[in-house]
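A closer look at the structure
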Amino acid sequence: MSFKQQVVVDCRGHLLGRLSSTIAKELLNGQHVVLVRAEDVVISGSLYRNKLKYAAFKKKTMNSNPRHTGAIKHPRAPAKILWRTIRGMIPHKTARGGAALDRLKTFEGIPHPYDQKKRMVV
């Protein structure tokens, strides 16, 4: 991707991990990225295996007090799952990583200001 003020990426048909790694690298380089149509991102593998992996993720509890199951928020919206995947590829606990995540926006569908902009396919 060439450096622009803001890049709008259409997620339709992209693999989750491959798209996330590319976007994470761009964010760390200082690029502002907007991801639209996050619900159309593709997760490879069988549906059954992915359901088991997500169920195991939802089952995780707080280590200090496992009875507080409501304290951990597990994203269910496609845009939040994509955001969380990208966050896992960024050192988000550092100032540089936090600034990189502030440059990222994810949406389901194509909201108003971005529907008139040129969308990029990575």
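Above this note sits the structure.
Let me begin by describing the structure that accompanies this report. Predicted, not measured: the structure shown is a model, and the values here were computed from it. (Residues numbered from 1 in each chain as written. Predicted model: local features only at pLDDT ≥ 70, side-chain atom pairs only at ≥ 80, totals over all residues. Heavy atoms only, no water.)

**Some remarks on the side chain of Asp10**
We apply this condition: Under the scheme used here, helices are H or I runs from DSSP no shorter than 4 residues and strands are E runs no shorter than 2 residues, and both carry numbers assigned from the N terminus. Residues adjacent in sequence count toward polar contacts only when both atoms are side-chain atoms; beyond that, a polar contact is any pair of N or O atoms within 3.5 Å, and within protein one must be able to donate a hydrogen and the other to accept it. Here, two residues are considered to be in contact whenever any of their heavy atoms come within 4.5 Å of each other.
With respect to the element layout, Asp10 can be found in strand β1 (residues 7–10). Of note is the side chain of Asp10, whose polar atom sits 2.5 Å from the side chain of Arg37. Each residue touching Asp10, except ones within four places of it in the same chain, is listed here: Val36, Arg37, Arg119 and Met120.

**Topic: the environment of Asp102**
Relative to the elements of secondary structure, Asp102 occurs in helix α4 (residues 95–102). Spatially, the C-alpha atom of Asp102 lies 8.6 Å from that of His32, the residues being 70 residues apart in sequence.

**What about the pattern of salt bridges?**
Note the following rule: What makes a salt bridge here is a side-chain nitrogen of Lys or Arg within 4 Å of a carboxyl oxygen of Asp or Glu, nothing more. Three exposure classes are used, based on accessible area relative to the maximum for each residue type with a 1.4 Å probe and protein chains only: buried under 20%, partly exposed in between, and exposed over 50%.
Summed over all chains, the structure comprises two salt bridges. The shortest N-O distance in the salt bridge between Arg37 and Asp10 comes to 2.5 Å. Here Arg37, found in the loop between β2 (33–36) and α2 (47–59), pairs with Asp10, found in strand β1; they are 27 residues apart in sequence, far enough to count as distant. Residue class for Arg37 comes out partly exposed when judged on its relative accessible area of 21%.

**Re the sheet that holds strand β3 (residues 104–106)**
Test applied: For two strands to count as paired, DSSP must find a minimum of two bridges between them. With axes taken as lines fitted to C-alpha atoms, and helix axes fitted only over the stretch in contact, angles between N-to-C directions fall between 0 and 180 degrees.
The strand order across the open sheet formed by three strands is β1-β2-β3, and the pairing between neighbours is parallel. Looking at the sheet topology across the chains shown, the edges are occupied by β1 and β3. Each strand axis lies, on average, 20 degrees off the axis of its neighbour in the sheet, ignoring direction. Here helix α1 (residues 16–28) sits on the sheet in contact with β1, β2 and β3, set at roughly 155 degrees to β2. Across the face of the sheet, helix α3 (residues 78–87) comes into contact with β2 and β3 while running at roughly 150 degrees to β3.

**Things to note about the side chain of Thr106**
Mapped onto the secondary structure, Thr106 falls in strand β3. Polar side-chain contacts of Thr106 include one of 3.2 Å to the backbone oxygen of Ala79. Aside from chain neighbours lying at most four places away, what touches Thr106 is Leu35, Ala79, Leu82 and Trp83.

**Let's talk about the pairing of β1**
Residue alternation in β1 divides its side chains into two sets, Val7 and Val9 and Val8 and Asp10, and both sets are buried. Note that β1 and β2 share four bridges and pair parallel. The residue bridging Asp10 from the neighbouring strand is Val36, located in β2.

These values are about where atoms sit, not about what they do.
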